[in-house]
Amino acid sequence: MPALFVVIWSTGFIVARYGMPYAPPLKFLCLRYGASLILLLLVAFALRVRWPQSRTQWLHLAVVGVLMQAGYLGGVWAAVKQGIGAGTVALIVGLQPLLTAVLVSLAGHKVRAAQWLGLGLGFLGLGLVVARQLEQGTLSGVNLALALFALLCITSGTLWQKRYVVTTPVWTAAAVQIGAALLVSLPIALWETEPMVFNIQLIGALAWSVLAITLGASSLLYLLIQRGAAVQVTSLIYWVPPVTALMGWWLFDERIGPGTWAGMALVAAGVLTVTRSGRSSQSEQRQQTSSIDTRDPHP
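Residues numbered from 1 in each chain as written. Predicted model: local features only at pLDDT ≥ 70, side-chain atom pairs only at ≥ 80, totals over all residues. Heavy atoms only, no water.

Under the definition given, this model contains one salt bridge. With a shortest N-O distance of 3.0 Å, Glu194 and Lys81 are connected by a salt bridge. Of this pair, Glu194 sits in the loop between α8 (170-189) and α9 (200-227) while Lys81 sits in helix α3 (residues 55-81), placing them 113 residues apart in sequence. Classification of Lys81 by relative accessible area gives partly exposed; the value is 28%. (Salt bridge = Lys/Arg side-chain N within 4 Å of Asp/Glu carboxyl O. Helix = DSSP H or I, 4+ residues; strand = E, 2+ residues; numbered from the N terminus. Buried < 20%, exposed > 50% of the residue type's maximum accessible area, 1.4 Å probe, protein only.)

Here you go:
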């Protein structure tokens, strides 16, 4: 699942560049949310999937949807519309693992030294890759603020889900989240004056966004957050910028210089350090639990 998630998630930034010349961001996203919600409801009812059992869980899922769908996607797509490159915005929101580790640490949870080392390597790698974009002047105050807003939203949404959302079938959880995102985004979209120009390119971007990204990658992210520690799961995001850069080189002939390759290598090293440290920590915890249970099975 992690590899598949990274590949599909990376295409989101490519699709944003592909479709944004023909649509305002929030109108496009509202169409995406609406189509996704219809498909999710059909699947949920066809499979008779269980829905959340309490109002509290509905509320927590809605908060996650507003943050990780409306806030994150709205910020990314608006930033692309304001001229930021797909690779650049991917690099900025790729700072999520570092921000997540800081917030987890402040909340009182232990983050191992090796994980901090890995996160630092990833941050350095992202800095090397983004330096060229800064030199070219493609960042502005507006699109940078929108990208940072998206970063804050996806980080907060990830931690909120890990802390408050209980295990819920992915289809119904996604339906609640996307429904909440639609309710929040629609009033704002009505203020956009730019018309949508429907053509093959826009329809293709919409179809891929609904089927591959919303139904595919978002569902995978939900499952990964449920099954792994927050810092480990979000460290996967470090793979997205280099994968996006490779896709941009392949599809749009975007050049990748030596500094970018060096940054990618540091990002990869950071990811490996974080994930291996996380596995070691979980293994130690299981061994300690097993030792305690064996020594005193009835405390």
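Now that the structure has been shown, we can carry on.
Further remarks concern the packing of aromatic side chains. The final tally for this structure, using the stated rule, is five aromatic pairs. Aromatic pair Trp9 and Tyr72: ring centres 5.7 Å apart, planes at 15 degrees, arrangement stacked. Of the two residues, Trp9 is situated in helix α1 (residues 2-19) and Tyr72 in helix α3; the sequence distance between them amounts to 63 residues. Neither Trp9 nor Tyr72 differs from the other in exposure class; each is buried. Here the aromatic rings of Trp160 and Tyr164 are separated by 4.8 Å at their centres, their planes lie at 50 degrees, and the arrangement is tilted. Within this pair, Trp160 and its partner Tyr164 are both found in helix α7 (residues 141-164), separated by four residues, close to a single helical turn. For Trp160, a relative accessible area of 30% puts it in the partly exposed group. Connected via pairs of aromatic rings, a cluster forms that spans Phe45, Trp51 and Trp58. (Phe/Tyr/Trp six-rings, centres within 6.5 Å; stacked < 30°, edge-to-face > 60°.)

All right, on to empty space enclosed by the protein then. In this approach a probe as big as a water molecule rolls over the atoms, and the regions it shows empty are the leftover space. On inspection of all chains with the given rule, the structure shows four cavities of 30 Å³ or more. For the second largest cavity, the calculated volume is near 80 Å³. Along its surface, the second largest cavity is lined by Trp9, Gly12, Phe13, Arg32, Tyr72, Leu73, Val76, Trp77 and Ile213. Breaking the lining of the second largest cavity down by element, the ones donating at least two residues are α1 and α3. With four residues, the single largest contributor to the lining of the second largest cavity is α3. Its residues assigned to classes, the lining of the second largest cavity shows seven nonpolar, one polar and one charged. (1 Å grid on protein atoms, 1.4 Å probe; cavity = no way out; pocket = protein on both sides within 12 Å on 5 of 7 lines; lining within 4 Å. Points joined across faces, edges and corners; volume = space filled by probe spheres on them. Nonpolar A, V, L, I, M, F, W, Y, C, P; charged D, E, K, R; others polar.)

Core analysis: the largest hydrophobic core is formed by 58 residues, its most contacted members being Trp9, Phe13, Phe28, Tyr72, Val76, Trp77 and Val89. Looking at this core, the elements that each hand over two or more residues are α1, α2 (25-47), α3, α4 (86-93), α7, α8 and α9. Formed by five residues, the second largest nonpolar core is a distinct cluster that contains Leu91, Val129, Val130 and Val267. (Core = buried A, V, L, I, M, F, W, Y, C linked by side-chain atoms within 4.5 Å.)

Next up on the list: the confidence of the model for the protein chain. On average, the protein chain scores 80 in pLDDT, and the residues at 70 or more come to 80%. Mean pLDDT across the secondary structure elements of the protein chain bottoms out at helix α10 (residues 230-234), with 57, and peaks at α3, with 95. Every residue in residues 285-299 scores below 50 in pLDDT, and together they form zero contacts with partners more than four places removed in sequence or on other chains. (pLDDT = per-residue confidence, 0-100. Contact = heavy atoms within 4.5 Å.)

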